[in-house]
Amino acid sequence: MKKTILFLGLLTILASCKKEIVKTPVHLIEKGKMINIMYDMSILEAIKAQNPSTLETYKINPNEYVYKKYKIDSIQFSQNNIYYASDYKEYKGMNDQVKLRLDKYKSSVENLIKEKKKKEELLKKEKEKLKTKRVSDSIEKRKKRQVKEADSIKKSKERK
């Protein structure tokens, strides 16, 4: 009996020692929405890193765009990001989901690029075929013209 009480007391002490490291924000963003926000920010930051003039041309600030889209502010995002990051496993899972979506997006873009290259190659081949056909047609026309000229010369000689 003493061992059971001692065990329960020790268990209670250990359970009560676990403190919440980061308090839950007042305006908690749900996990799915937070993943969407992280995804959009990742895409916009990649665009900014790859081709900064694109965002400058359209005067887009990636963070402000995302905040406006999801109707949040920077403080709310920051508090929620810290909250979710405090649980490493959950935050890693969220980042893995973002990475998975980015990989799917990347593969679809790569497929579109391949399709575009194939279309361009086909168009180039068609142009080359058309060009060679034009050349061969012009050669045939030239030959026919020469035959007609020869016939007309022959006829003019016969008339004389």
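Described in the following lines is the structure provided in the data block.

Turning to helix α5 (residues 74-85), a few remarks are in order. An ideal rise of 1.5 Å per residue puts 16 Å on 12 residues; α5 measures up with 16 Å between its terminal C-alpha atoms. Taken together, the buried positions of α5 are Gln76, Phe77, Asn80 and Tyr84. The arc that holds every buried residue of α5, seen down its axis, measures 95°, which confines them to one face.

As a further point, take the packing of aromatic side chains. Evaluation of the coordinates by the stated rule reveals 2 aromatic pairs. Between the aromatic rings of Tyr67 and Phe77, the centroid separation amounts to 6.2 Å while the plane-to-plane angle is 45°, which identifies the pairing as tilted. With a gap of 10 residues between them, Tyr67 in helix α4 (residues 62-70) and Phe77 in helix α5 connect regions that are remote in the sequence. Assigned by exposure class, Tyr67 and Phe77 land together as buried. Arranged with centres 5.4 Å apart and planes meeting at 70°, the rings of Tyr83 and Tyr84 form a pair that is edge-to-face. Tyr83 sits in the partly exposed class, given a relative accessible area of 23%. A cation over a ring is seen here: Arg101 above Tyr39, with NZ or CZ 3.9 Å from the ring centre.

With respect to the secondary-structure elements, Asn80 resides in helix α5. Asn80 sits in the buried class, given a relative accessible area of 0%.

Taken as a whole, the largest pocket holds about 400 Å³ of empty space. Of all the secondary-structure elements, those providing two or more residues to the lining of the largest pocket are α2 (31-50) and α6 (88-159). When residues in the lining of the largest pocket are grouped by element, the largest group, 7 residues, is from α6. Residue composition of the lining of the largest pocket, grouped by class: 7 nonpolar, 2 polar and 3 charged.

So, about the pattern of salt bridges. One pass over the full model with this rule turns up 3 salt bridges. Measuring nitrogen to oxygen at the nearest pair gives 3.3 Å for the salt bridge that ties Asp96 to Lys92. Within this pair, Asp96 and its partner Lys92 are both found in helix α6, separated by 4 residues, close to a single helical turn. One salt bridge connects Lys99 with Asp103, and the closest N-O pair in it is separated by 3.1 Å. Of the two residues, Lys99 and Asp103 are both situated in helix α6; the distance of 4 residues between them amounts to about one turn of the helix. Judged by its relative accessible area of 38%, Asp103 falls in the partly exposed class.

The rules behind each value
Residues numbered from 1 in each chain as written. Predicted model: local features only at pLDDT ≥ 70, side-chain atom pairs only at ≥ 80, totals over all residues. Heavy atoms only, no water. Helix = DSSP H or I, 4+ residues; strand = E, 2+ residues; numbered from the N terminus. Expected span 1.5 Å × (residues − 1). Buried < 20%, exposed > 50% of the residue type's maximum accessible area, 1.4 Å probe, protein only. Arc of directions from axis to C-beta. Phe/Tyr/Trp six-rings, centres within 6.5 Å; stacked < 30°, edge-to-face > 60°. Lys NZ or Arg CZ within 6 Å of the ring centre and 35° of its normal. 1 Å grid on protein atoms, 1.4 Å probe; cavity = no way out; pocket = protein on both sides within 12 Å on 5 of 7 lines; lining within 4 Å. Points joined across faces, edges and corners; volume = space filled by probe spheres on them. Nonpolar A, V, L, I, M, F, W, Y, C, P; charged D, E, K, R; others polar. Salt bridge = Lys/Arg side-chain N within 4 Å of Asp/Glu carboxyl O.

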